[in-house]
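Coordinate inspection notes
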Amino acid sequence: MLVHDKTYRLQPGAERSTGLLPGRQCTWRVRIIDLDQGEPGVHHLLPLILVAEQTGPVISLTSCAESIGEKIRQDLALDINRVLWIEQVADRPGQWLVARFKPRPVGAHIYYDINWRPIRDNEYKIVRAYLPELPKAAHS
């Protein structure tokens, strides 16, 4: 079941740390699917699927997870260990990647290192069951 659909934007001034051209604003449409609500009685190891798509002209090579992922995680109180984070590659429509988050404690705060891998067919099939308007995934 789709439980969240919102557009997120980088804050003004963020272009200095992201490689974004000055004066441009990068936005992502972020949708969250809750598999547990969609299939009551079935327990999922990763019950939440976050789908991020850069909207508007492609003006940044940074990803949603790497630029505003922590803000989204905090705003929605997401347990990142229970989320399958999927993003469309900004300059390659139809190509999707999955983020793998590795916690890195620094003092009292936890940061995350992010590694990317291509989406698997079964993962994309589940996403398209809830978001049928997404194009078929292109495979590398």
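Now for a quick tour of the structure. (Residues numbered from 1 in each chain as written. Predicted model: local features only at pLDDT ≥ 70, side-chain atom pairs only at ≥ 80, totals over all residues. Heavy atoms only, no water.)

**Topic: the state of the cysteines**
All chains considered together, the criterion is met by zero disulfides. Counting only cysteine sulfurs, Cys64 is the nearest neighbor of Cys26, a cysteine outside any disulfide, at a range of 8.6 Å. For Cys26, a relative accessible area of 1% corresponds to the buried category. (Disulfide = S-S within 2.5 Å. Buried < 20%, exposed > 50% of the residue type's maximum accessible area, 1.4 Å probe, protein only.)

**Examining helix 3 (residues 64-75)**
Compared with an ideal rise of 1.5 Å per residue, which puts twelve residues at 16 Å, helix 3 spans 14 Å between its outermost C-alpha atoms and falls more than 12% short. Those residues of helix 3 not exposed but buried are Cys64, Ala65, Ile68, Gly69, Ile72 and Arg73. Down the axis of helix 3, the buried side of the element spans an arc of 165 degrees, and every buried residue falls inside it. Contact partners of the buried residues in helix 3: strand 1 (2-9), strand 2 (27-34), strand 3 (48-55), strand 4 (83-88), strand 5 (96-106) and strand 6 (109-118). (Helix = DSSP H or I, 4+ residues; strand = E, 2+ residues; numbered from the N terminus. Expected span 1.5 Å × (residues − 1). Arc of directions from axis to C-beta. Contact = heavy atoms within 4.5 Å.)

**Some remarks on helix 4 (residues 121-130)**
Regarding helix 4, the residues found buried are Glu123, Tyr124 and Val127. Along the long axis of helix 4, the arc covered by the buried residues comes to 90 degrees, so they all point the same way. Within helix 4, the exposed residues directed more than 90 degrees away from the buried face are Asp121, Asn122, Lys125 and Ala129. For helix 4, the secondary structure elements touched by its buried residues are strand 2, strand 3, strand 4, strand 5 and strand 6.

**With respect to the sheet that holds strand 5**
Sheets are built from strands that pair by backbone hydrogen bonding, the pairs being arranged parallel or antiparallel. Spatial strand order, 1-2-3-4-5-6: six strands in an open sheet with mixed pairing. Strand pairing shows two members of the sheet lacking a second neighbour, strand 1 and strand 6, which therefore form its edges. Ignoring which end each strand starts from, the neighbouring axes of this sheet average 25 degrees apart. On top of the sheet, helix 4 reaches strand 2, strand 3, strand 4, strand 5 and strand 6; it is set at about 80 degrees to strand 3, its chief contact. (Pairing = 2+ DSSP bridges. Axes fitted to C-alpha atoms, helices over the stretch in contact; angles between N-to-C directions.)

**A word on the side chain of Asp34**
Assignment of secondary structure puts Asp34 in strand 2. Of note is the side chain of Asp34, whose polar atom sits 3.0 Å from the backbone nitrogen of Asp36. (Polar contact = N/O pair within 3.5 Å; in protein donor to acceptor, adjacent residues only side chain to side chain.)

**Some thoughts on the pattern of salt bridges**
Tallying each qualifying case throughout the model produces eight salt bridges. Linking Arg104 and Asp113 is a salt bridge whose minimum nitrogen-to-oxygen distance equals 3.0 Å. Its relative accessible area of 33% is what places Asp113 among the partly exposed residues. Between Glu123 and Arg120 there is a salt bridge, and its shortest N-O distance comes to 3.7 Å. Overall, the relative accessible area of 10% leaves Glu123 in the buried class. Each of Arg31, Glu53 and Glu133 takes part in salt bridges that share partners, so that together they form one network. (Salt bridge = Lys/Arg side-chain N within 4 Å of Asp/Glu carboxyl O.)

**Regarding the environment of Arg31**
Relative to the assigned elements, Arg31 resides in strand 2. The spatial distance from the C-alpha of Arg31 to the C-alpha of Ile86 is 10.0 Å, given a sequence separation of 55 residues. Setting aside its immediate chain neighbours within four residues, Arg31 contacts Leu2, His4, Asp5, Ile49, Leu50, Val51, Glu53, Leu131, Glu133 and Leu134. Polar side-chain contacts of Arg31 include one of 2.5 Å to the side chain of Glu133.

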